[in-house]
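So you can see what is in the structure, the chains are spelled out below.
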Amino acid sequence: MASPLLEVKNLVVRYAIWGGILRHKVGEIRAVDDISLTIDAGETVGLVGESGCGKTTVAKAICNILKATAPGVIEQGEVIFHSANGPVNLLPLGRAEMRAHRADIQMIFQDPFASLNPRMTVREIVERPLIVHTDKSRKARRQIVDSLLERVGLQPADATRYPHEFSGGQRQRVGIARALSVHPKLIIADEPVSALDVSVQSQVINLLRELQSEFGLAYLFVAHDLSVVHHISDRIAVMYLGNLVETGDSEAVYRHPSHPYSQALISAVPHPVAGSSREDRIKLTGEIPTPVNKPSGCPFRTRCWLAREECEQSLPPLQQKESGQLAACPWV
Ligand SMILES: Nc1ncnc2c1ncn2[C@@H]1O[C@H](COP(=O)(O)OP(=O)(O)OP(=O)(O)O)[C@@H](O)[C@H]1O
Ligand SMILES: [Mg+2]
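**Q** What exactly am I supposed to notice about the sheet that holds strand β4 (residues 74-83) here?
**A** Sheet strands pair by backbone hydrogen bonding; their relative direction is either parallel or antiparallel. Within the open sheet, the four strands sit side by side as β2-β1-β4-β5. Their pairing is antiparallel. Strands at the two margins of the open sheet, each flanked by one partner only, are β2 (24-40) and β5 (86-89). Pairwise comparison of adjacent strand axes, ignoring direction, gives a mean angle of 15° for this sheet. Strand direction decides the pairing type here: strand β1 (residues 4-19) and β4, joined by seven bridges, are antiparallel. Residue Arg14 lies in a different strand from β4, and its bridge partner there is Ile74. Against the sheet, helix α1 (residues 55-62) engages β1, β2 and β4, with an angle of about 115° to β1.

**Q** Help me understand the site of ligand 1, please; the structure alone is not making it clear to me.
**A** Lining the immediate environment of ligand 1, one finds 14 residues, of which Tyr15, Ala31, Ser51, Thr56 and Thr57 sit closest. It is α1 that contributes the most residues to the shell around ligand 1, three residues altogether. When its residues are assigned to classes, the shell around ligand 1 shows six nonpolar, seven polar and one charged.

**Q** Looking at this structure, how should I read the pairing of strand β7 (residues 186-190)?
**A** A regular strand places its side chains on the two faces of the sheet in alternate fashion. Across the five residues of β7, five count as buried, placing the element largely inside the fold. Burial along β7 is two-sided: Leu186, Ile188 and Asp190 and Ile187 and Ala189, pointing in opposite directions, are all buried. Sheet topology places strand β6 (residues 105-108) next to β7; four bridges connect them, and they run parallel. When the bridges of β7 are listed, Met107 appears paired with Ile188. By the bridge criterion, five bridges tie β7 to strand β8 (residues 218-223) in an arrangement that is parallel.

**Q** Would you take a moment to explain unusual backbone geometry for this structure?
**A** What you tend to see is this: most non-glycine residues have negative phi, and most peptide bonds are trans. One non-glycine residue, Asp34, lies in positive phi territory at about 70°. Examined against the element boundaries, Asp34 turns out to sit in strand β2.

**Q** Even after reading the chapter, I still don't get the environment of Gly46, so can you show me in this structure?
**A** If you trace the backbone, Gly46 turns up in strand β3 (residues 44-48). Judged by the 27 C-beta atoms lying within 10 Å of it, Gly46 falls in the buried class. Along the backbone, Gly46 and Ala189 are 143 residues apart, and their C-alpha atoms lie at a distance of 9.6 Å.

**Q** What is the right way to look at α1 in this model?
**A** A turn of α-helix holds 3.6 residues, and therefore any two residues three or four places apart point the same way. With respect to burial, α1 is a largely interior element, seven of its eight residues being buried. Among the residues of α1, Lys55, Thr57, Val58, Ala59, Lys60, Ala61 and Ile62 are the ones counted as buried. Residue Asn64 follows α1 closely and has a positive phi angle near 55°.

**Q** Help me understand helix α6 (residues 138-151), please; the structure alone is not making it clear to me.
**A** A rise of 1.5 Å per residue sets the reference length of α6, with its 14 residues, at 20 Å; its end C-alpha atoms lie 20 Å apart and thus fit the reference within 8%. Those residues of α6 lying buried are Ile144, Val145, Leu148 and Leu149. Take α6 and look down its axis: the buried residues cluster within an arc of 130°, on one side only. Exposed side chains of α6 directed beyond 90 degrees from the buried face belong to Lys139, Ala140, Gln143 and Ser147. Elements in contact with the buried residues of α6: α5 (122-133) and α7 (168-180). A positive phi of about 95° marks Gly153, the residue just after α6.

**Q** Explanation requested: the packing of α5 against α6 in the structure shown.
**A** Each pair of packed helices can be described by the angle between their axes along with the distance between the axes. Direction vectors running N to C along α5 and α6 enclose 120°, while the axes themselves pass 10 Å from each other. Looking at the two axes, α5 sits oblique to α6. Every pair of crossing elements has a handedness; the one defined by α5 and α6 is right-handed. Packed against α5, whose contacting residues are Arg123, Val126, Glu127 and Leu130, the element α6 presents Arg141, Ile144, Val145, Leu148 and Leu149 at the interface. A per-class count over the contact of α5 with α6 returns six nonpolar, no polar and three charged.

**Q** Honestly, the packing of α7 against helix α8 (residues 198-215) in this entry has me stumped. Any pointers?
**A** Remark: α7 packs on α8, axes separated minimally by 10 Å, with the N-to-C direction vectors making an angle of 15°. Comparing the axis directions of α7 and α8 gives the class roughly parallel. Considering only the axes of α7 and α8, their crossing is right-handed. Seen from α7, the contacting residues are Gly168, Gly169, Gln172, Ile176 and Leu180; seen from α8, they are Val200, Gln203, Val204, Leu207, Leu211 and Phe215. Of the residues in the contact of α7 with α8, the class split is seven nonpolar, four polar and no charged.

Parameters and conventions
Residues numbered from 1 in each chain as written. Chains lettered and ligands numbered in written order. Predicted model: local features only at pLDDT ≥ 70, side-chain atom pairs only at ≥ 80, totals over all residues. Pairing = 2+ DSSP bridges. Helix = DSSP H or I, 4+ residues; strand = E, 2+ residues; numbered from the N terminus. Axes fitted to C-alpha atoms, helices over the stretch in contact; angles between N-to-C directions. Contact = placed C-beta atoms within 7 Å. Near = placed C-beta within 6 Å. Nonpolar A, V, L, I, M, F, W, Y, C, P; charged D, E, K, R; others polar. Buried ≥ 20, exposed ≤ 12 C-beta atoms within 10 Å, placed from the backbone. Expected span 1.5 Å × (residues − 1). Arc of directions from axis to C-beta. Parallel < 35°, antiparallel > 145°, perpendicular 65-115°, else oblique. Left-handed = near helix turned anticlockwise from the far one by under 90°.

Any link to function would need more than the numbers given here.
Here it is, written out as structure tokens:
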């Protein structure tokens, strides 16, 4: 049986809204609202949903980088990482305690330009985690960087170049090499191909897939685009306004979406599932509410064609559906 590598349990993340001349807290954004999900060793879990639904917030909470980057953030729940020394809840760990686990969980970002220091050469960028997390010699580090660059499809000569000298796809390869340098168990990939040309997207995705089997990596793969996520994920989790509305086996969710929101997302995929026609496409109407004034009950009810009075009362729990996945709608 597959063993869990990461268990997110009842994760809640609230950002502070600051205002006034004295910059005091004037409100809160409930960006992630009680989410639970697991990632097994070697598995890919796809996390999808519209802009602002909280995907990046989940990604950052898992890496425990929110406290350092979002002043006043409140995090609840648990992020249990099953390390070689047993399970540990990462969420409450401070900077120093987190160091022991940083190498195990690496992140790659949507915009490799913003995440790569423009003043560092590619060698310095890829070598940096090795300096921070290992005591390898200069020579050993050099060899590792050279073989990593080659492995991700760059030339050893690229090591002395700077990020701005590369194309978007090549920059993402540098980001991947950096993440791989310390042998992570889990890579959190936050929209790693969204900023790339379509032709380059598939090259980078193929690289990620090859590396997965070679290095035994697990991925949390964040994306807007369900057609991308569906191809590479073992399981899919669909988010809407901070909540998980559906989760399960990738094929089950893609072929038989069992939450109206997932149905709408999948019907928007340019190559519809066999059997459905363009006329079947679901067009979502109504404004997307914001996490600041989230609707009561089911957050999707203001745009849902199946909504009824009960949906205003309480959030439907995730329940098992015929095709095996869990979905938070009793009406599908
Ligand atoms: N540092 C922050 N401070 C305050 N609010 C934030 C912060 N970061 C994100 N938010 C808000 O939290 C909500 C979730 O944002 P998040 O970036 O996690 O969404 P996302 O699903 O990754 O969106 P996208 O697809 O656009 O990347 C949004 O309403 C966003 O405006
Ligand atoms: Mg995001």
